[in-house]
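Architecture and fold: a report
Listed here are the chains, written in short residue letters.
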Amino acid sequence: MPNTSPQRTSTCVFVCLWATAVLVVVLVVLLGGEIAPTPWTHITVQGTKCVSEPVQGWFFPAGKHGCITAIDSTNHRNRKLKEIASHPDNIHYSFQVPSVDAGGGFSRWQRRLYAVLRLRLLHIDAGYFSGHSSRVTLKTSLGYTTTGELYRPSLIASSYQERKLSCNSVKRHVFQGQTFDCSPQVLAVLFSLQHDRYLLNLLIPTRREDTNEFTNRNLGRVTDVYVTFFSQAVWYMRVLMALQVLFFPVVAVLLWKFRRSVAALERPPNHLECVLALLAMALLTMNCPVEVASLVVECPWLVVVNDVRKNFFYASFMTFFLYLTDKHLEPGRVCPHAKRAINLSIRSGTLAIIIVDMTEHIVSIQNPLAVTYEPMHLSMSMLMYAMLACYLGCISVRTCAALDAIRRKGVAQEEETRCQEAMVLVLTWVVFCLSAADFVLKRLHDGMWMWEYSLGELEIENTGGFLLGVFCMWNAYTCVLLVVYTPLKKAPEPRGQSVARGLGQVRPGQYRGLEGRFLMPIDSPAVRIDMSRVVGVPLRARQSPSFVDLRVTTL
């Protein structure tokens, strides 16, 4: 492999580049933590029990056309209304976010919206109720309203939904009844917020109108229904897009200069230069601010684009780290098949993540009320964490072996160059560890309601500064590498000077009597050396046409 060591950069410039990169990352972390401390916002709304007639087919929780609630119907003079309120098929739960009284509305910067249902049930001991295997059937309608037409909703989707509940008893009453809190269930998913308010109507029927089947027989009496609406924070998305716009031209210019310098060389690019260019291109796609389109038109498909480019960057970075450690390791000495196995695991793992995420998101785009397979999401996430831990352990071992190989180079390489190579390896390992933490946090954020129900409350809300800092770290790290590893084309030197400089590096007296025989290049036709007779050098080095060693036995 041609020499790709960062020896072209002086130590002062090398240290200044990395110090500047670290300073920029720290500033972004502090600024992001102050402006956008959390990447997600959420609001929990208790459902309004509506028993009156709908307005244009919808029930409104408040406002001019607010429905009559079940509590109001108990004190109502109309006896028929009281009878209607006593039957569960006539009780509709209405949710509206943001509420009409709150004013304002959703911003297009928020981009995503998850509606997560929580049920509280009251069950009498006389009946049978399995808290861990109960199913609930819901009739859900999702629509949106605008500021000018608050009471004329437009339908987005409407269908029956079946969800499997896992309920825990929280209180036993004197009259032998129990109150159960049930696991969160995703009702609706939107990947583009182009409207001011969203209206959700929910019915828990005892009979389905489409199949005429009885449902929810052993569910018990529903006392309260809560829906938590999760959406992305406005300022987090603004800071993230500002970083994308800032770094996109910087990475593009540095990649262009790197590509031009590599193309100007007389040799073809080596593996490390190819994977570095691939890493820069992956980062360039990450920095491309395609989210601007969602501010103008409705673009739910952007979530699929983000799945592809995010996983493409992760795979490119892991591949680059693998080749960076392989550059210093002697082939075939430590785990000869490890490189091929790691490459295969990176490709297969990344492809599996892309397929699972794209399938889940495409189904949600086609139908916002579709079933989300939470057990599959949890199991796939755990599998990804296990694969990530295996890769981290393997690459850590290779990093330690590469650092030991750099240390053992001794006088074969300058001390300055060896220190720079060791520093690049250590910083790359740190960047990978922080990137792994970023990956885990983003997976937890995507299904935080499932993880919190399984593991308890997670303190992952105030992580906006860290996530923004990791994104800035990727850009700063790649920019420094493009500067450090850019090859410089040197002017050709006279033959006599190059040979004299090569002979000047020979220690006096070590090769006595051989100095006069090497006054011309080693690959000159006038010089004939039997490379198989060269002693003290590995076979692979002997076969290299650029190998020069004065310790020969025959000319």
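Above this text sits the structure in question.
Residues numbered from 1 in each chain as written. Predicted model: local features only at pLDDT ≥ 70, side-chain atom pairs only at ≥ 80, totals over all residues. Heavy atoms only, no water.

Looking at the overall build of the protein
The number of helices and strands found in the protein is 13 helices and 11 strands. At a minimum sequence separation of 6, the contacts of the protein that also span at least 24 residues come to 79%. For the protein, the exposed surface amounts to about 28,900 Å²; the carbon and sulfur share of it is 60%. (Helix = DSSP H or I, 4+ residues; strand = E, 2+ residues; numbered from the N terminus. Contact = heavy atoms within 4.5 Å. Areas by Shrake-Rupley, 256 points an atom, 1.4 Å probe, with all protein chains shown as cover.)

A word on the side chain of Asn311
Residue position: Asn311 is located in helix 6 (residues 302-326). The exposure class assigned to Asn311 is buried, which follows from its relative accessible area of 3%. Among all residues touching Asn311, those that are not within four sequence positions of it are Thr350, Ile353, Ile354 and Asp357. (Buried < 20%, exposed > 50% of the residue type's maximum accessible area, 1.4 Å probe, protein only.)

A word on the nonpolar core
Formed by 86 residues in total, the largest nonpolar core has its most connected members in Phe320, Tyr391, Trp474 and Tyr485. With 14 residues, helix 11 (residues 464-484) is the single largest residue contributor to this core. If we ignore the near neighbours within four places in the chain, the residues touching Tyr391 are Met318, Phe321, Leu322, Ile342, Ile346 and Phe432. Tyr93, Ala115, Leu119 and Leu121 belong to the second-largest nonpolar core, a separate cluster that totals 33 residues. (Core = buried A, V, L, I, M, F, W, Y, C linked by side-chain atoms within 4.5 Å.)

A closer look at the sheet that holds strand 6 (residues 154-165)
Read across the open sheet, the 5 strands follow the order 2-3-10-5-6; overall the sheet is antiparallel. Strand pairing shows two members of the sheet lacking a second neighbour, strand 2 (48-50) and strand 6, which therefore form its edges. Strand-to-strand twist across the sheet, computed as the mean angle between neighbouring axes with direction ignored, equals 25°. Looking at chain direction, strand 5 (residues 134-145) and strand 6 are connected through 11 bridges and run antiparallel. Along strand 6, the bridge assignment pairs Gly143 with Leu155. (Pairing = 2+ DSSP bridges. Axes fitted to C-alpha atoms, helices over the stretch in contact; angles between N-to-C directions.)

Considering helix 5 (residues 271-287)
Taking 1.5 Å of rise per residue, 17 residues should cover 24 Å, and helix 5 covers 24 Å from first to last C-alpha, within 8% of that figure. Taking burial as the measure, the 17 residues of helix 5 include 12 buried ones, the bulk of the element. Those residues of helix 5 not exposed but buried are Leu272, Glu273, Val275, Leu276, Ala277, Leu279, Ala280, Ala282, Leu283, Leu284, Met286 and Asn287. Taken together, the buried residues of helix 5 touch helix 4 (234-263), helix 6 and helix 11. Between a side-chain oxygen at the N-terminus of helix 5 and the backbone nitrogen of Leu272 the separation is 3.2 Å; the capping residue is Asn270. (Expected span 1.5 Å × (residues − 1). Polar contact = N/O pair within 3.5 Å; in protein donor to acceptor, adjacent residues only side chain to side chain.)

Examining unusual backbone geometry
Residue Val97 is joined to Pro98 through a cis peptide bond whose omega torsion reads -20°. Of note, Pro98 is situated in the loop between strand 3 (92-97) and strand 4 (113-124). One non-glycine residue, Gln56, lies in positive phi territory at about 55°. Residue placement: Gln56 occurs in the loop between strand 2 and helix 2 (70-74).

Comments concerning a nonpolar patch on the surface
There is a patch of nonpolar side chains on the surface, built from Val426, Trp429, Val430 and Leu434 and spanning about 290 Å² of accessible area. Mapped onto the elements of the fold, Val430 is located in helix 9 (residues 415-446). What makes Val430 partly exposed here is its relative accessible area of 36%. (Patch = residues over 30% accessible without salt bridge, like charges linked within 9 Å, V, L, I, M, F, W, Y side chains within 5 Å. Salt bridge = Lys/Arg side-chain N within 4 Å of Asp/Glu carboxyl O.)

Let's talk about empty space enclosed by the protein
One pass over the full model with this rule turns up 6 cavities of 30 Å³ or more. There is about 70 Å³ of room inside the second largest cavity. What lines the second largest cavity is simply Lys310, Asn311, Tyr314, Ile353, Asp357, Phe439, Lys442, Arg443 and Asp446. The element best represented in the lining of the second largest cavity is helix 9, accounting for 4 residues. Taken together, the residues of the lining of the second largest cavity break down into 3 nonpolar, 1 polar and 5 charged. (1 Å grid on protein atoms, 1.4 Å probe; cavity = no way out; pocket = protein on both sides within 12 Å on 5 of 7 lines; lining within 4 Å. Points joined across faces, edges and corners; volume = space filled by probe spheres on them. Nonpolar A, V, L, I, M, F, W, Y, C, P; charged D, E, K, R; others polar.)

Quick look at the packing of helix 5 against helix 6
For the pair helix 5 and helix 6, interaxial distance at closest approach is 9 Å and the crossing angle is 160°. Considering their axes alone, helix 5 and helix 6 lie roughly antiparallel with respect to each other. Note on packing geometry: the crossing formed by helix 5 with helix 6 is left-handed. Contact with helix 5, carried on its side by His271, Leu272, Val275, Leu276, Leu278, Leu279, Ala282, Leu283, Thr285 and Met286, involves Arg309, Lys310, Phe312, Phe313, Ser316, Phe317, Thr319, Phe320, Tyr323 and Leu324 of helix 6 and no other residues of that element. (Parallel < 35°, antiparallel > 145°, perpendicular 65-115°, else oblique. Left-handed = near helix turned anticlockwise from the far one by under 90°.)

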